[in-house]
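# Architecture and fold: a report
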Amino acid sequence: MKHEGMPRIILVPYPAQGHVTPLLQLASSFHVHGLQPLVVLPDFIYGRIVSKIGAASGGVVFVSLPSGLGPDEPKDFFNIGYAMEHHMPSHFEDVLLSHGNDGRVVCVVVDLLASWAIDVARRCGIPAAGFWPAMVATYHLIRAIPDLIRIGLISEHGTPLQKGLVRFLPRQPMLNPHELPWLVGNSASAKLRFAFWLRTLQRSRSMKWLLVNSFPKGAAVGDDEDDDDDISTLQHLPIFRIGPLIRPSKTSPTLWEEDRSCLEWLNEQPGSSVIYVSFGSWVKPIGDEKINQLALGLEATQRPFLWVLAPVWRAGLPTGYLDRVKDRCMVAYWVPQKEVLAHEAVGCYLTHCGWNSTMEAIQAQKRLLCYPVSGDQFVNCRYIVKVWGIGEEIGGGTQHDVEEGVRRLMEGGGDMQRRVEELKERVMGEEASNGATSRLIAFLDVLHNRKVFV
């Protein structure tokens, strides 16, 4: 498809793997439906993306945005946040002006964790749509922050004011107060993250639509059954459920090099015997002691396991551990996760419950052993365990907890396996996929009807 004369749509992801992946899938879908997508990436991940797939691939064009972060500076939440607030907006405005001076930019789609771009789009007179890369239930929890403050469930700084299990929203599973999405790290860190969400909510008031990478209403029991339809309206904001965005795409590169030798190792293992362990990029917050207990628990199972664990995070492993377990385990820096989960040797997935990982596990029909760490992972875990019944949660994370969790999942998960197979069909079968496509087209029809493009 030629780009010349095509209407453009600009997409701005938050620069982390779990955010870039679904937004690139969305960009590819836009191209299929006649738009030229431009994905704006900060310079520190742009090079890694284009080195794998090129600056233009599958109809998606990538644009580098100066971040002001040097190559040796940590790319953590707070440094990235500073760059997004103080350095990137002026450069993004230049991008919008240069690419939009012919009137062909019809919309800017902004990951809500990159809400700074909403303000830039507004200043440039271009309508903005928000993009929520996670489960819609977590979005409703974030959106409810003002109400949670008003009714006394949290303080004005986001601190929980209740003890024990709390149902923060109707029709949602109960959470422990420390499991709220903004309570990451120490109290000072949590306070800053809460301020981040308040700022995001404020900016979101000017966006016109919200695209959500979540299941259609009713497809997954318990997921916001209060919505009236698949294209719902929340406080005059149309919400389009266009997920799950996990379809194969040439524009879905990882930010790290994959160790594909793990697939050869899996070929040598018996069917449904392997424990696959991966925490995405969130393994470090577990800490060395919990890595130690996790390692001992995996060893005690006497089962083969594939563990995604970067060398820099291996300090917590017991002395001599890798030599002891080398005959029945493989430890890798990064792996092609979809292919690993689809492999017949994998029997279960020990996961942090990130949303992309959860959907990939459902797609591969694998049961989940849940070890949530922070953010939206606790909400996802509650749905996995309490609502959908497709996984178990590791309790305190001790060696015994890990060993027992694996045993329960691998030896007695027949009903659980049936439920994950049924869930896959409901949320990713032909009917569900056709529905997601129709809602994406409905969003494009809204742009057409507003005469944003012709």
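Let us now look at the overall build of the chain. Secondary structure assignment for the chain yields 17 helices and 15 strands. Expected size for 454 residues packed as a compact globule is a radius of gyration near 22 Å; at 22 Å, the chain falls within 12% of this value. Taken along its principal axes, the extent of the C-alpha atoms in the chain is 65 × 50 × 45 Å. Out of the 454 residues belonging to the chain, those deemed buried represent 59%. Intrachain contacts of the chain at a sequence separation of at least 6 include 71% that bridge at least 24 residues. Positive and negative side-chain charges in the chain, numbering 45 and 49 respectively, have mean positions lying 4 Å apart.

Using the criterion set out here, one finds 16 salt bridges in the structure. The partner of Arg 408 in a salt bridge is Glu 392, with the nearest N and O atoms 3.1 Å apart. Here Arg 408 is found in helix H15 (residues 399–411), whereas its partner Glu 392 is found in strand E15 (residues 391–393), with 16 residues between them in sequence. Each member of the salt-bridge network shares a partner with another, and the members are Glu 85, Asp 119, Arg 122, Arg 199 and Arg 203.

With parallel pairing, 6 strands are arranged side by side in an open sheet as E12-E11-E10-E13-E14-E15. Every interior strand has two partners, whereas the edge strands, strand E12 (329–332) and E15, have only one. Along the sheet, successive strands turn relative to each other by an average axial angle of 15°, direction set aside. The pairing of strand E14 (residues 367–370) with E15 spans 3 bridges and is classified as parallel. Across the sheet, residue Leu 368 finds its bridge partner in E15, namely Gly 391. Docked against the sheet, helix H14 (residues 377–387) engages E14 and E15, running at close to 120° with respect to E15.

Buried together is how nonpolar side chains tend to be arranged in soluble globular proteins. Ranked by internal contacts, the top residues of the largest apolar core, which has 130 residues, are Leu 26, Phe 30, Phe 92 and Val 109. When neighbours within four sequence positions are excluded, Leu 26 is seen to be in contact with Leu 11, Val 109, Phe 131, Leu 211, Ile 242, Leu 245 and Leu 440. The next biggest cluster of nonpolar side chains, apart from the first, holds 29 residues, and it includes Ala 295, Tyr 321, Leu 350 and Tyr 371.

Turning our eyes to something else, we now look at unusual backbone geometry. Cis peptide bonds are those with omega within 30 degrees of zero, and the linkage from Gly 243 to Pro 244 qualifies with 0°. Within the secondary structure, Pro 244 sits in the loop between strand E9 (237–241) and helix H9 (261–267). A positive phi angle, close to 65°, is found at Gln 302, a residue other than glycine. Considering the arrangement of structural elements, one finds Gln 302 in the loop between helix H10 (288–300) and strand E11 (305–308).

Bringing the packing of aromatic side chains into the picture now. Scanning the model with the defined rule gives 16 aromatic pairs in all. An angle of 45° between the planes, with centres 6.3 Å apart, marks the rings of Phe 30 and Phe 443 as tilted. Of this pair, Phe 30 sits in helix H1 (residues 17–32) while Phe 443 sits in helix H17 (residues 430–449); the two residues are 413 residues apart in sequence, bridging distant segments of the chain. Among the aromatic residues, those joined into a ring-pair cluster are Phe 77, Phe 78, Trp 132, Tyr 139, Phe 196 and Trp 197. A cation over a ring is seen here: Arg 193 above Phe 77, with NZ or CZ 4.0 Å from the ring centre.

Time to look at the state of the cysteines. This model, assessed by the stated rule, comprises 0 disulfides. Sulfur of Cys 381: no disulfide; nearest cysteine sulfur belongs to Cys 370 and is 4.2 Å away.

Another aspect to go through is helix H6 (residues 136–143). Counting buried residues along H6, 7 of its 8 residues qualify, which places the element largely inside the surrounding structure. Taken as a whole, H6 has its buried residues at Val 136, Ala 137, Thr 138, Tyr 139, His 140, Leu 141 and Ile 142.

Between helix H16 (residues 414–428) and H17, the least distance of the axes is 5 Å, while the angle of their chain directions is 30°. Between H16 and H17, the interaxial angle falls into the category roughly parallel. Only Glu 430, Ala 432 and Ser 433 of H17 make contact with H16, whose side of the interface consists of Glu 425, Arg 426, Val 427 and Met 428. Per-class residue counts for the contact of H16 with H17 are 3 nonpolar, 1 polar and 3 charged.

Our next topic: the pairing of strand E13 (residues 346–351). Summarising burial for E13: 6 of the 6 residues are buried, a large majority. Note that strand E10 (residues 274–278) and E13 share 5 bridges and pair parallel. Residue pairing across strands places Tyr 276 opposite Tyr 349, the latter belonging to E13. Direction of pairing for E13 relative to E14: parallel, over a ladder of 4 bridges.

Moving on, we come to H1. Taking 1.5 Å of rise per residue, 16 residues should cover 22 Å, and H1 covers 23 Å from first to last C-alpha, within 8% of that figure. Of all 16 residues in H1, 14 are buried; the element is thus mostly enclosed. Phi for Gly 34, located one or two positions after H1, is positive at around 95°.

Burial runs high along strand E5 (residues 105–111): 7 of the 7 residues are buried. Sheet topology note: the strand E1 (residues 8–12)/E5 ladder contains 5 bridges and is parallel. In the sheet register, Val 12 faces E5, and the bridge partner there is Val 110. Judged from the 4 bridges that link them, E5 and strand E6 (residues 128–132) form a sheet pairing that is parallel. Note on E6: the bridge partner recorded for Val 108 is Ala 128. Considered for its hand, the β-α-β crossover made up of E5, helix H5 (residues 116–123) and E6 is right-handed.

In this section: the environment of Val 110. Within the secondary structure layout, Val 110 lies in strand E5. In this structure the C-alpha to C-alpha distance between Val 110 and Gly 130, which are 20 residues apart in sequence, comes to 4.9 Å. With residues up to four places along the chain from it excluded, the contact list for Val 110 reads Val 12, Ser 115, Ala 117, Ile 118, Ala 129, Gly 130 and Phe 131.

The rules behind these values
- Residues numbered from 1 in each chain as written.
- Predicted model: local features only at pLDDT ≥ 70, side-chain atom pairs only at ≥ 80, totals over all residues.
- Heavy atoms only, no water.
- Helix = DSSP H or I, 4+ residues; strand = E, 2+ residues; numbered from the N terminus.
- Rg over C-alpha atoms; globule rule 2.2 N^0.38 Å.
- Buried < 20%, exposed > 50% of the residue type's maximum accessible area, 1.4 Å probe, protein only.
- Contact = heavy atoms within 4.5 Å.
- Lys, Arg positive; Asp, Glu negative; His and termini not counted.
- Charge placed at Lys NZ, Arg CZ, Asp CG, Glu CD.
- Salt bridge = Lys/Arg side-chain N within 4 Å of Asp/Glu carboxyl O.
- Pairing = 2+ DSSP bridges.
- Axes fitted to C-alpha atoms, helices over the stretch in contact; angles between N-to-C directions.
- Core = buried A, V, L, I, M, F, W, Y, C linked by side-chain atoms within 4.5 Å.
- Phe/Tyr/Trp six-rings, centres within 6.5 Å; stacked < 30°, edge-to-face > 60°.
- Lys NZ or Arg CZ within 6 Å of the ring centre and 35° of its normal.
- Disulfide = S-S within 2.5 Å.
- Parallel < 35°, antiparallel > 145°, perpendicular 65-115°, else oblique.
- Nonpolar A, V, L, I, M, F, W, Y, C, P; charged D, E, K, R; others polar.
- Expected span 1.5 Å × (residues − 1).
- Right-handed = clockwise from strand over helix to strand, strands pointing away.

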